[in-house]
Amino acid sequence: MSMLDLKDWLHTPQGHYLLTWEQDVLDSMVADIFGYNAVQIGLPGFDLLRANRMPHRFTCARAPGGDAMANEFELPFASASVDLVLLPHVLEFSAHPHRVLREVERVLVAEGSVVISGLSPLSLWGVRRLLAGRGSKPPWCGQYRTVMRIRDWMSLLGFEVQGSRFGCHAPPVSSERWLQRWQFLDRAGARWWPVLGAAYLLHGVKRVQGMRLITPHWREHKSASKRLSPVAQRDAGARTTQ
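Summarised in this report is the structure supplied together with it. (Residues numbered from 1 in each chain as written. Predicted model: local features only at pLDDT ≥ 70, side-chain atom pairs only at ≥ 80, totals over all residues. Heavy atoms only, no water.)

Here we come to the sheet that holds strand β4 (residues 82–88). The strands making up a sheet associate through backbone hydrogen bonding, with each pair oriented either parallel or antiparallel. The strand order across the open sheet built from seven strands is β3-β2-β1-β4-β5-β7-β6, with neighbouring strands paired in mixed fashion. Both outer strands of the open sheet, β3 (68–69) and β6 (159–167), are each paired with one neighbouring strand and no more. Where strand β2 (residues 56–61) lies against β3, two bridges are found, and the strand directions are parallel. Residue pairing across strands places Ala 61 opposite Met 69, the latter belonging to β3. This element, helix α3 (residues 97–107), spans β4, β5 (108–119), β6 and β7 (199–206) of the sheet and lies at about 150 degrees to β5. Together, β5, β6 and β7 form the strand contacts of helix α5 (residues 147–156), whose direction differs from that of β7 by roughly 15 degrees. (Pairing = 2+ DSSP bridges. Helix = DSSP H or I, 4+ residues; strand = E, 2+ residues; numbered from the N terminus. Contact = heavy atoms within 4.5 Å. Axes fitted to C-alpha atoms, helices over the stretch in contact; angles between N-to-C directions.)

Here Gln 40 is to be found in strand β1 (residues 37–41). Residues Gln 40 and Leu 86 lie 46 residues apart in sequence; the distance between their C-alpha atoms is 4.7 Å. At a separation of 3.1 Å, a polar atom in the side chain of Gln 40 contacts the main-chain amide nitrogen of Leu 48. (Polar contact = N/O pair within 3.5 Å; in protein donor to acceptor, adjacent residues only side chain to side chain.)

Quick look at the packing of aromatic side chains now. Applying the stated criterion across every chain, the model contains five aromatic pairs. The interplanar angle of 85 degrees and the centroid separation of 6.3 Å between the aromatic rings of Trp 9 and Trp 125 together place this pair among those described as edge-to-face. Of this pair, Trp 9 sits in helix α1 (residues 3–9) while Trp 125 sits in helix α4 (residues 124–132); the two residues are 116 residues apart in sequence, bridging distant segments of the chain. For the pair Trp 9 and Trp 125, a shared accessibility class is recorded, and that class is buried. One aromatic cluster is present, built from ring pairs that chain together Trp 9, Tyr 17, Trp 125 and Trp 140. A cation sits over an aromatic face here: Arg 128 above Trp 140, 4.6 Å from the ring centre. (Phe/Tyr/Trp six-rings, centres within 6.5 Å; stacked < 30°, edge-to-face > 60°. Buried < 20%, exposed > 50% of the residue type's maximum accessible area, 1.4 Å probe, protein only. Lys NZ or Arg CZ within 6 Å of the ring centre and 35° of its normal.)

With 63 residues, the main nonpolar core has Val 85, Leu 87 and Val 115 as its most contacted residues. With eight residues, the top contributor of residues to this core is helix α2 (residues 13–30). The residues contacting Val 85, other than those within four sequence positions of it, are Val 39, Ile 41, Val 104, Val 107, Leu 108, Ser 113, Val 114 and Val 115. (Core = buried A, V, L, I, M, F, W, Y, C linked by side-chain atoms within 4.5 Å.)

Below you can see the structure in the form of structure tokens.
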């Protein structure tokens, strides 16, 4: 499995169809995620964070062409130093998907965001992958996982899913002409069976449980509050008997 081969496939009609949908959704999903540092893991030739407004946006990949070169499961960033991490199809083409998510959790600041894109096995594209068998080329050689499984992995690491989107309901035909003919399924699928789309996008936020600060006892004894002393009053009946 190679992200390099996936990069080449994205220039085909199928890949362009998938990338166009993902880019449109990403533009709206990351536009209002604020912070200072945003990193895209993989696919350095595509500026998928173009709509984000953070001052520092960069790419990190195993292949040359990015701003940093490293494995996706060994990120060269300090802990709690990144506000947004984008994983475009990284989990399905990485040999260590759990380590990838753990690294993302490590480098993200508290309340930082991660956006994950992937291909769903519960789709026509998932059926095409099963028919392709072993030794096939990207994207059919990837390890497709359901959204529910990715949600479970994220939950175990303390991520809270803020939103999800599904798309690309057309069958995986290779001709651009036939892809255009089948695009009416995108409109119908988005309304009637969205979870059966070939692609999905998940937005998760790193939650950190709140802590209560325990301060030292600066004053051993609290000063007694000043109170008005009650005025002693004599009983009127007692005066008359004296």
